[in-house]
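# Observations on chain architecture
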Amino acid sequence: MGFPCTEENIVCTAFVVAEYLQQQRFHGKIYVVGEAGLQDELTAAGFEFIGPGPDPITGTQADWVQSQLDPEVNCVVVGLDTHFSYAKLIKATNYARREGTLFIATNQDTELPTGTGIFLPGTGTLVGAVSIGARRTPIVVGKPNPAMFEVIQRKYGLRPERTLMVGDRLDTDIAFGPVTGMKSLLVLTGISSLRDVPCKVTVGGKELIVVPDFYLHSIKDLGDAIVASQAEH
């Protein structure tokens, strides 16, 4: 689309998790349900963690109740993890039940867009499993929660009144607009369609009725509109 962009311009939920932990002055060890991106950001921020990689369930229930838990773990972070297993669920829920343990989720996306008709469960399905087992609600740093915007605003000096939130999900991307004071534009090439408008979303205990300010059929249409506008001027 021709937008100038570098790695420093990209802010993902893994980065926000690391930033959030630094803001909280967290000290301890983290149990991670997640993959390379989350590991990289936590490593870059200097945090100690365990958990990533395959951890298949073996043995019987008699063996599972003898699971070895690290006494130093005082934070659980749940992101997308293609190695998620019952063994990981046992550990994550038990760690999260410990008094004083932080419980953080990168996002609550229910599914991943594929365009094939095959449904791929998103991070939210793993977060839900751990949350139910732990009997706790996590701190969610991803959209539409304001923690992500606070990191972006601090990093780039973003002005919400001059910013357009573009996305394909009403319950996360587009809801991020009214939560943070930005206008929103829904593109129809992903999860949500116009049939889903309006959408009810609960953020921070408050229910929002989400309606995008604008919509386009694809992100390419936005690029074309910007190019055309620049040509006029």
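Heads up: the structure comes first, above all this text.
Conventions we followed
Residues numbered from 1 in each chain as written. Predicted model: local features only at pLDDT ≥ 70, side-chain atom pairs only at ≥ 80, totals over all residues. Heavy atoms only, no water. Pairing = 2+ DSSP bridges. Helix = DSSP H or I, 4+ residues; strand = E, 2+ residues; numbered from the N terminus. Contact = heavy atoms within 4.5 Å. Axes fitted to C-alpha atoms, helices over the stretch in contact; angles between N-to-C directions. Core = buried A, V, L, I, M, F, W, Y, C linked by side-chain atoms within 4.5 Å. Buried < 20%, exposed > 50% of the residue type's maximum accessible area, 1.4 Å probe, protein only.

This part takes up the sheet that holds strand β2 (residues 48-50). What the 5 strands build is an open sheet, ordered β2-β1-β3-β4-β7; its pairing is parallel. Looking at strand neighbours, the two that pair on one side only are β2 and β7 (139-140), the edges of this open sheet. Direction of pairing for strand β1 (residues 29-33) relative to strand β3 (residues 73-78): parallel, over a ladder of 5 bridges. Looking at the pairing, valine 32 lines up with valine 77 of β3. Sheet contacts for helix α4 (residues 86-96): β1, β2, β3 and β4 (102-105); angle to β1, the most-contacted strand, approximately 140 degrees.

Before going further, it helps to examine the pairing of strand β11 (residues 206-210). For strand β10 (residues 199-203) and β11, the ladder comprises 5 bridges, and the chain directions are antiparallel. Across the sheet, valine 203 pairs through a bridge with lysine 206, a residue of β11.

By secondary structure assignment, the location of threonine 6 is in the segment before α1 (13-23). Taking the C-alpha atoms as reference, threonine 6 lies 40 Å from arginine 98; in sequence the two are 92 residues apart.

Let's shift gears to the sheet that holds strand β9 (residues 183-187). Either a parallel or an antiparallel arrangement is found when strands of a sheet pair, and the pairing is made through backbone hydrogen bonds. What the 3 strands build is an open sheet, ordered β8-β9-β12; its pairing is parallel. Edge strands, defined here as strands with exactly one partner in the open sheet, are β8 (164-167) and β12 (214-216). Between one strand axis and the next, the sheet turns by 20 degrees as a mean value, whatever way the strands run. Here β9 pairs with β12 via 3 bridges, running parallel. Looking at the pairing, valine 187 lines up with leucine 216 of β12.

Right, let's get into the nonpolar core. Ranked by size, the top nonpolar core spans 26 residues in total, and within it Val17, Leu21, Ile30, Leu42 and Ile104 carry the most contacts. Looking at this core, the elements with two or more residues in it are α1, β1, α2 (36-44), β3 and α6 (146-156). Ranked by residues supplied to this core, first place goes to α1 with 7 residues. Residues Leu89, Tyr95, Ala96 and Leu126 belong to the second largest nonpolar core, which totals 16 residues.

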